[in-house]
Amino acid sequence: MWDDAFPSFLIGLREGLEAGLIVSILVATLVRAGARNRLPQVWTGVLAAIALAMSFGAVLTFTAASLSATAQEAFGGTLSVIAVAFVTAMVFWMRRSARSLAGEIKEKVTGALAMGTGVLILTSFLAVGREGLETALFLWTTARAAGESAGPLTGAGIGLVLAAGLCWGLYRRVLKINLTRFFTYTGAVLIVIAAGVLGYGLRDLQEGGVLPGNTAYALDLSAHIDAGSWYSTLLQGVLNITPTMTWLQVVGYLGYLAVVMTLFVRGVRTAAPKPAAAKPAPDPAADAPQAQPDPAAERPEPGPKAMGGWRRPAWVVPVAVVAVPAVVAGLVVAFARPKPASGETVAVSETECGKGFTAPKPGRQTFRMQNTGGKTAEVYLIDPGSNAVYGEVEGLAPGTTRDLVATVAGGTYAWRCVPSSGKAVTSASVTVSGGTAGTKAVVPVSENDLAAPLNAYKAYVEQGLATLVAQTRTLDADIAGNHLDKARTDWLTAHLTYSSLGAAYGTFEDFDQKINGRADGLPGGVADQDFAGFHRVEYGLWHGQTAGRLKAPAQALADAAAGLRKAFPAQDFDPGDLPLRAHEILENTLQFELTADTDEGSGTNLATANANLAGTGELLTVLRPLLTTRAPKLLPAVDADIARLQKLLDAEHRGASWTPVEQLDTVTRQRIAGATGQLLEDLAPVPDLLEIRKSA
């Protein structure tokens, strides 16, 4: 949690100390001026500033929560950039003003003393309010970047408490702090943190569709860096540096850091005093001016007669200035949040489904699904004649309401409610007339529908594993006999066999790590004792290791392949994995093979990509009957994509050799990646089309 708390701790400490110094100077000035009866006015302004800051944070939180996912990204990104601008301005302002802060505040207080109660309240409110708003905005931004609020709020709380203690020590003259040096050092650290916030904000704006380049990655180290490791968590929490960053993020981060840090350091050097002229840090109490008592402050408050028989209670103003921001924030949240969907409310339960459902008008409709029963339910808008699904709400908990949006055209509609336990309930059907373009219904898939494709694919895997066992034994024999040239050829043959079984990787359990594990994330990297399988043997074969050193890894690989073949018939192969793997095999290809991330020296990533493509084709073969009836236009597009990618890969295969990914020219590499991306895009609907939906 400290990783996420540190940036907020620093901002809480800095802003808290800055605001605390201002309050200390205000209080000290009034005390030395003999105007202690004006102190409640200072605290009233301070309370109003705190209330404003907290209300501002509430508005940000609840307003963002009411937006769509894309709008939240754009909203958060915009505020992140604004927060960076505020923090940058604050850092430079405090660097310039640290020495003269006491004098400036004392001048304002002296003027306020002569102008009455309201001006003194306003002076303290404005002095503290700016810091409060900056703190609220930065805390909201860092909490959003961290994905949780406990760490940032804890860090900010600790920083504010520490700042309050320091200010008290300065006021009571028990502490001496070189404030100029303090604000200089913390300013430099904040600039680094702000650079990370800017990068995060730019990424949000890209994901929100405001800025381009969402998929233009400058670096992708996700395969090399364990996102859960302590160092990765530290970098992401403190500096917002992530393993994957776009070009815009990198340019924004480095550009901001280079420009702002240079100006900051140059300003520090320019403003640095000569050693002989150095002065101790300002003491708010000691530096307060010896002002003459304000006659207006000495006068007693008007009595009952002066007030027409009524004296205003002392608590009215403090309560009012604290309540007003809260009330305004509540109104903003109430009016900013979207109104409930205007569509009809449909009640569902384990005994009754579709209560309140009437024939809707053609066009885009929002149905408010309300679970009035006692069990969580899956709710489907269906065509009762074919059971095709127009829309669904999954996991609708008891007592909750969620919206289902669908475009209604002419046809027959009904609701089907499937409770977590018990029988499915179907509503009475209604008929809609008119309308030409509605939401396309998808014929649901059951486990029984996927049984035949699953059995066919399991047979394909079992045959592939039998071949793999023979090939890994041959590889083991090559190495045992010190035939390393032959071993390199046989290694690739066996590895491609395994790579073509991609849809079953999730079923292989621990065997996959033993057979095809990577060195990424291992403490010792390629030298780690847990580095095993094809890539361990590959590293040795192409890095000059002797047969003696490779004998144990080769034997372990052959044993793991044999163990997998024996265990596979009893392993649980979820039929729902088949539609998912149609997309995921090539996702891994794009992430690992086409980036050369898994190349341990052989330069055969394109061969592996070709095997992955073959595995995807085999998977689509068994799923083709189900896809043809549900999306007849999808398969021709996918087949064309596969042919295009296959042609590009074949062009880089000459005889027994493949062009290493890192030796591809830029245009060819982009074409292969682009063809893979297009195929992925066309395969994206498969998991939804073939999702297993409950029917009873």
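Residues numbered from 1 in each chain as written. Predicted model: local features only at pLDDT ≥ 70, side-chain atom pairs only at ≥ 80, totals over all residues. Heavy atoms only, no water.

A. Fine view of a negative patch on the surface. The grouping of E447, E509, D510, D572 and D574 at the surface amounts to a negative patch. Looking at the element boundaries, D510 is found in the loop between α14 (484-499) and α15 (511-516). A relative accessible area of 60% places D510 in the exposed class. (Patch = residues over 30% accessible without salt bridge, like charges linked within 9 Å, V, L, I, M, F, W, Y side chains within 5 Å. Areas by Shrake-Rupley, 256 points an atom, 1.4 Å probe, with all protein chains shown as cover. Salt bridge = Lys/Arg side-chain N within 4 Å of Asp/Glu carboxyl O. Lys, Arg positive; Asp, Glu negative; His and termini not counted. Charge placed at Lys NZ, Arg CZ, Asp CG, Glu CD. Helix = DSSP H or I, 4+ residues; strand = E, 2+ residues; numbered from the N terminus. Buried < 20%, exposed > 50% of the residue type's maximum accessible area, 1.4 Å probe, protein only.)

B. Spatial organisation of the pattern of salt bridges. Per the stated rule, a full pass over the model turns up nine salt bridges. In this structure, R518 engages D520 in a salt bridge whose closest nitrogen and oxygen atoms are separated by 3.3 Å. A relative accessible area of 30% means that R518 is categorised as partly exposed. Taking the relative accessible area as the measure of exposure, D520 reaches 26% and is therefore partly exposed.

C. Representation of the packing of aromatic side chains. Under the counting rule described, the total for this entry stands at 11 aromatic pairs. Here F92 and F264 contribute two aromatic rings whose centre-to-centre distance is 5.8 Å and whose plane-to-plane angle is 85 degrees, an arrangement assigned as edge-to-face. One end of the pair, F92, is in helix α3 (residues 69-97); the other, F264, is in helix α9 (residues 247-271), and 172 residues separate them in sequence. Taking relative accessible area as the criterion, F92 reaches 15% and is therefore assigned buried. Judged by relative accessible area, F264 falls into the buried class, the value being 2%. Ring centres of F568 and F573 lie 6.4 Å apart, and the angle between their planes is 80 degrees; on these two criteria the pair is classed as edge-to-face. Both residues of the pair, F568 and F573, count as buried. (Phe/Tyr/Trp six-rings, centres within 6.5 Å; stacked < 30°, edge-to-face > 60°.)

D. Main features of the packing of helix α13 (residues 447-480) against α14. At a closest axis distance of 9 Å, the pairing of α13 and α14 adopts a crossing angle of 165 degrees. Between α13 and α14, the angle falls in the class roughly antiparallel. Two packed elements cross with a definite hand, and for α13 against α14 that hand is left-handed. Across from G464, T467, L468, Q471, T472, T474, L475, D478 and I479 in α13, the residues of α14 making contact are L484, K486, A487, D490, W491, T493, A494, T497 and Y498. The residue makeup of the contact of α13 with α14, split by class, is eight nonpolar, seven polar and three charged. (Axes fitted to C-alpha atoms, helices over the stretch in contact; angles between N-to-C directions. Parallel < 35°, antiparallel > 145°, perpendicular 65-115°, else oblique. Left-handed = near helix turned anticlockwise from the far one by under 90°. Contact = heavy atoms within 4.5 Å. Nonpolar A, V, L, I, M, F, W, Y, C, P; charged D, E, K, R; others polar.)

E. Spotlight on the side chain of T676. As for its placement among the helices and strands, T676 is situated in helix α21 (residues 666-683). For T676, a relative accessible area of 1% corresponds to the buried category.

F. Layout of the side chain of Q249. Among the secondary structure elements, Q249 is positioned in helix α9. Reaching out from Q249, the side chain makes a polar contact with the backbone oxygen of G199 at a distance of 3.3 Å. Excluding anything up to four places from it in sequence, Q249 contacts G199, Y200, R203, Q206 and T244. (Polar contact = N/O pair within 3.5 Å; in protein donor to acceptor, adjacent residues only side chain to side chain.)

G. Quick peek at the confidence of the model for the protein chain. Averaged over the protein chain, the pLDDT score is 78; the fraction of residues at 70 or greater is 75%. With pLDDT under 50 throughout, residues 274-310 is counted as low confidence; its partners more than four residues away or in other chains account for 47 contacts. (pLDDT = per-residue confidence, 0-100.)

H. Structural detail: unusual backbone geometry. Of note, N482 is a non-glycine position whose phi angle comes to about 65 degrees, a positive value. Structurally, N482 is set in the loop between α13 and α14. Look at A596: it is not a glycine, yet its phi comes out positive at around 65 degrees. With respect to the element layout, A596 can be found in the loop between α18 (577-593) and α19 (605-630). By relative accessible area, which is 9% here, A596 ends up buried.

I. Highlighting the sheet that holds strand β5 (residues 363-371). Read across the sheet, four strands follow the order β4-β3-β5-β8 without closing on themselves; strand pairing throughout is mixed. The open sheet has two edge strands with one neighbour each: β4 (353-355) and β8 (401-408). Each neighbouring strand pair of the sheet contributes to a mean axis angle of 35 degrees, computed without reference to strand direction. Sheet topology places strand β3 (residues 345-348) next to β4; two bridges connect them, and they run antiparallel. Each residue of the ladder has a partner; that of V348, found in β4, is C353. (Pairing = 2+ DSSP bridges.)

J. Up close: the packing of α13 against α19. Contact pair α13 / α19: the axes reach a minimum separation of 10 Å and the direction vectors enclose 165 degrees. In terms of axis orientation, α13 runs roughly antiparallel to α19. Along this stretch, α13 crosses α19, giving a crossing that reads as right-handed. Contacts from D449, L450, P453, A456, Y457 and Y460 in α13 reach G615, E618, L619, V622, L623, L626 and R630 in α19.

K. Region of interest: helix α17 (residues 547-567). Its 21 residues give α17 an end-to-end C-alpha distance of 29 Å, which sits within 8% of 30 Å, the value for a rise of 1.5 Å per residue. Here α17 has its buried residues at A547, L550, P553, A554, L557, A558, A560, A561 and L564. For α17, the elements touching its buried residues are α13, α14, α15 and α16 (534-541). (Expected span 1.5 Å × (residues − 1).)

L. Inspection of the environment of A494 at higher detail. Assignment of secondary structure puts A494 in helix α14. Along the chain, A494 and L468 lie 26 residues apart, while their C-alpha atoms are 5.9 Å from each other. What A494 contacts, discounting residues up to four positions off in sequence, is L468, Q471, T472 and F534.

M. Focus on α13. Taking 1.5 Å per residue as the helical rise, α13 with its 34 residues ought to reach 50 Å, and the 46 Å between its terminal C-alpha atoms agrees with that figure. Following α13 by one or two positions, N482 adopts a phi angle in the positive range, close to 65 degrees.

N. Spatial organisation of the pairing of β5. Examined bridge by bridge, β3 and β5 share four bridges and lie parallel to one another. Bridge pairing in β5 links V346 to M369. By the bridge criterion, eight bridges tie β5 to β8 in an arrangement that is antiparallel. Counterpart to R364 in the pairing with β8 is T407.

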